[in-house]
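Structural description and commentary
This is what each chain is made of:
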Amino acid sequence: MPPVESPNTKIRPSSSSINDKGHLVIGGLDTVDLAEQFGTPLWVMDETTITAAVAAYKEGLSAYPDSLVLYAGKAFLCLSMCHLLRRHGIGLDVVSGGELHTACQASFPAENIYLHGNNKSEGEIRQALIAGNVKIVVDSESELSLVASIARQLGRRARILLRLIPGVEPDTHQHIVTGHEESKFGLALTDLFPVVRKIISLDSAVELIGLHSHIGSQSHAMEPYWQMIDILADCFVDLQASFGLRLSQIDVGGGLGIAYNDNDRPTPIYEWAKGIAEHVTSSFQQRCLPLPKLLVEPGRSIAGTAGVTLYRAGHKKRLPSGLTYLFLDGGMADNPRPITYDARYTAAIANRMNAPAPLTPLSLAGRYCESGDIIIKEAFLSAESGDLIAVFGTGAYNLSMASNYNRTGRPACILLSAGKAEIIVERETVDDLLRQDRVPERLLR
Ligand code: LLP
């Protein structure tokens, strides 16, 4: 049965409501109290929404004989997120030694971790092989040689997938497209055979178990996935016919979008996952191939809608042109997506949710020294200084892309579950900002 409402099609977390004081409530907790208790800016993550998204993926894949959801850690990762996902029994896609270390520290089962990246370091490959049966998604021929030599040194066998560029483009921002022919990620289809020949010529240090592709992110349409799956299925056929190779895994990447605004219409998670499973089934059956293990790698659609950022509104400024700015106590350092991708968000006044919308918009601008630091260009909110502003859909690619620009500390992150709010990432203090600084003796004189 599909879940009633897919988290990725809603702007607000599943558990949000408005209480009789007119305050925004998430996970049974009044956001005005949360801001009081934990300070602002504050990243709030709703566990109910994460759990519903994971359940929808699992449910959508349930008719397929063998599948695994790999959460793309790049969207939002910390120890608690790893523990939560481990308890849900799903896998993890990591792209750095830092993400892998976080997963290992949270006792994440190594066999369910896949290491990605277009320029993995020797240290990261070593770390993956030492951690156990972490699969490595190989991005280039030279990386293949490096993986083989490290595996040999360690006396281990590397289980790898090859990342292919399918030449398919989804409907999204140019910076987050990855499957097009000039992508920096993956191998060109024409390089598949030479690389496979090389794998076969290597000793048992490397075992090729599957193929991977990821076409891009914040994608709403399904057709590009059908094309990509068919291309990968053709590769399975070719590798079997030419080399007698029977690969056991297909990884179709992530990329399903979320609703940031009313006009965003992403495919619901359950339908996306069911559609992928059905298309892989028919594509492989048409080619008389056995069904491989199916992997999907969602990031944004699991973490995105679960996250809300709470800001305190500071000064308000009206320019002679009529443009009105309301300044937030955060901005591009905690959410670099508007300035980077022109990403659009939806906001609300968390302490006055029932306030009528004005006819003219105001601009919600960040506190950072950059003109482009605008979180929402045109927000139809009757917000004033001192109000608590909630920006929705900030659970993915905010904490993970945050910076210390202007030497500000990153916000705290709390997880809401069963009426409780718990800190999962501490707020950075000014002393945290000094922690890595060193002063050469000569400058102290
Ligand atoms: N798998 C691979 C190999 C990826 O490169 C990505 C995202 C994913 C899975 C997860 O994609 P998702 O389900 O989250 O769309 N910083 C950008 C997004 C970059 C996505 C990079 N790769 C943003 O803020 O929109």
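Everything discussed here concerns the structure shown above.
Every value quoted in this text rests on a predicted model; they were computed, and no experiment measured them.

On to the overall build of the protein. The helix and strand inventory of the protein stands at 13 helices and 21 strands. Relative to the 2.2 N^0.38 estimate, which gives 22 Å for 445 residues, the radius of gyration of the protein is 23 Å and therefore close to what a compact globule would have. Viewed in the frame of its principal axes, the protein has a C-alpha envelope of about 70 × 65 × 45 Å. For the protein, the proportion of its 445 residues judged to be buried stands at 54%. Relative to all contacts within the protein whose residues are 6 or more apart in sequence, the contacts with residues 24 or more apart total 71%. Summed over all atoms, the accessible surface of the protein reaches about 19000 Å², with 50% contributed by carbon and sulfur. With 41 positive and 49 negative side-chain charges, the protein shows a separation of 4 Å between the mean positions of the two kinds.

Moving on, we get to the pattern of salt bridges. Scanning all chains against the criterion turns up 16 salt bridges. A salt bridge links Glu122 to Arg126; the nearest nitrogen and oxygen atoms lie 3.4 Å apart. Placement of the pair is Glu122 and Arg126 together in helix α5 (residues 122-131), with a separation of four residues, close to one helical turn. You can call Arg126 partly exposed: its relative accessible area is 25%. For Arg159, the salt bridge is made with Glu207, and the minimal N-O distance between the two is 3.0 Å. In this pair, Arg159 sits in strand β9 (residues 158-165) while Glu207 sits in strand β11 (residues 206-212), placing the two residues 48 residues apart along the sequence. Given a relative accessible area of 27%, Arg159 falls into the partly exposed group.

Attention now moves to a nonpolar patch on the surface. Among the surface-exposed residues, Val439, Leu443 and Leu444 lie close enough to one another that they form a single nonpolar patch of about 300 Å² accessible area. Looking at the secondary structure, you find Leu444 in helix α13 (residues 441-444).

A few words on the packing of aromatic side chains. Counted under the stated rule, the structure contains seven aromatic pairs. Pairing Phe236 with Phe284 gives two aromatic rings, centres 4.9 Å apart and planes at 80°, and the pair type is edge-to-face. A residue pair is termed long-range when its members are at least 10 positions apart, and Phe236 in helix α8 (residues 223-243) and Phe284 in helix α9 (residues 269-286) qualify at 48 residues. By the burial criterion, Phe236 is buried, and Phe284 matches it. Between Tyr260 and Tyr345, the ring centres sit 5.1 Å apart and the planes meet at 75°, which makes this aromatic pair edge-to-face. Placement of the pair is Tyr260 in the loop between β12 (249-251) and α9 and Tyr345 in the loop between α11 (337-341) and β16 (347-349), with a sequence separation of 85 residues. Residue classification places Tyr260 among the buried positions, given a relative accessible area of 5%. An aromatic cluster of three or more residues is present, and its members are Tyr57, Tyr225 and Trp272.

Backbone torsion omega between Thr40 and Pro41 reads -10°, so that peptide bond is classified as cis. Assignment of secondary structure puts Pro41 in the loop between α1 (31-38) and β4 (42-46). Unlike most non-glycine residues, Cys288 shows phi in positive territory, near 55°. Within the secondary structure, Cys288 is located in the loop between α9 and β13 (293-296). Despite not being glycine, Arg407 has its phi angle at roughly 55°, a positive value. The topology assignment puts Arg407 in the loop between β19 (388-392) and β20 (412-417).

Surrounding the ligand, one finds 20 residues, the nearest of these being Ser217, Glu297, Arg300, Arg337 and Tyr397. Taking Tyr397, its side chain carries an N or O atom lying 2.7 Å from an oxygen atom of the ligand. When the free accessible area of the ligand is taken as 590 Å², the share hidden by the protein chains comes to 92%. When grouped by side-chain class, the residues that make up the shell around the ligand number six nonpolar, eight polar and six charged. Residue contributions to the shell around the ligand reach at least three from each of two domains, namely domain 1 (16-27 + 30-44 + 304-434) and domain 2 (47-303).

The element β4 is largely enclosed, with a buried count of five among its five residues. The two faces of β4 match: Leu42, Val44 and Asp46 on one face and Trp43 and Met45 on the other face are all buried. Examined bridge by bridge, β4 and strand β14 (residues 307-318) share four bridges and lie antiparallel to one another. In the sheet register, Met45 faces β14, and the bridge partner there is Gly307. Relative to β20, β4 runs parallel, the two being bridged by five bridges. Along β20, the bridge assignment pairs Val44 with Ile414.

What counts as what
Residues numbered from 1 in each chain as written. Predicted model: local features only at pLDDT ≥ 70, side-chain atom pairs only at ≥ 80, totals over all residues. Heavy atoms only, no water. Helix = DSSP H or I, 4+ residues; strand = E, 2+ residues; numbered from the N terminus. Rg over C-alpha atoms; globule rule 2.2 N^0.38 Å. Buried < 20%, exposed > 50% of the residue type's maximum accessible area, 1.4 Å probe, protein only. Contact = heavy atoms within 4.5 Å. Areas by Shrake-Rupley, 256 points an atom, 1.4 Å probe, with all protein chains shown as cover. Lys, Arg positive; Asp, Glu negative; His and termini not counted. Charge placed at Lys NZ, Arg CZ, Asp CG, Glu CD. Salt bridge = Lys/Arg side-chain N within 4 Å of Asp/Glu carboxyl O. Patch = residues over 30% accessible without salt bridge, like charges linked within 9 Å, V, L, I, M, F, W, Y side chains within 5 Å. Phe/Tyr/Trp six-rings, centres within 6.5 Å; stacked < 30°, edge-to-face > 60°. Near = heavy atom within 4 Å. Polar contact = N/O pair within 3.5 Å; in protein donor to acceptor, adjacent residues only side chain to side chain. Nonpolar A, V, L, I, M, F, W, Y, C, P; charged D, E, K, R; others polar. Domains from an automatic or database assignment. Pairing = 2+ DSSP bridges.

Function cannot be read off these values alone, since they describe shape.
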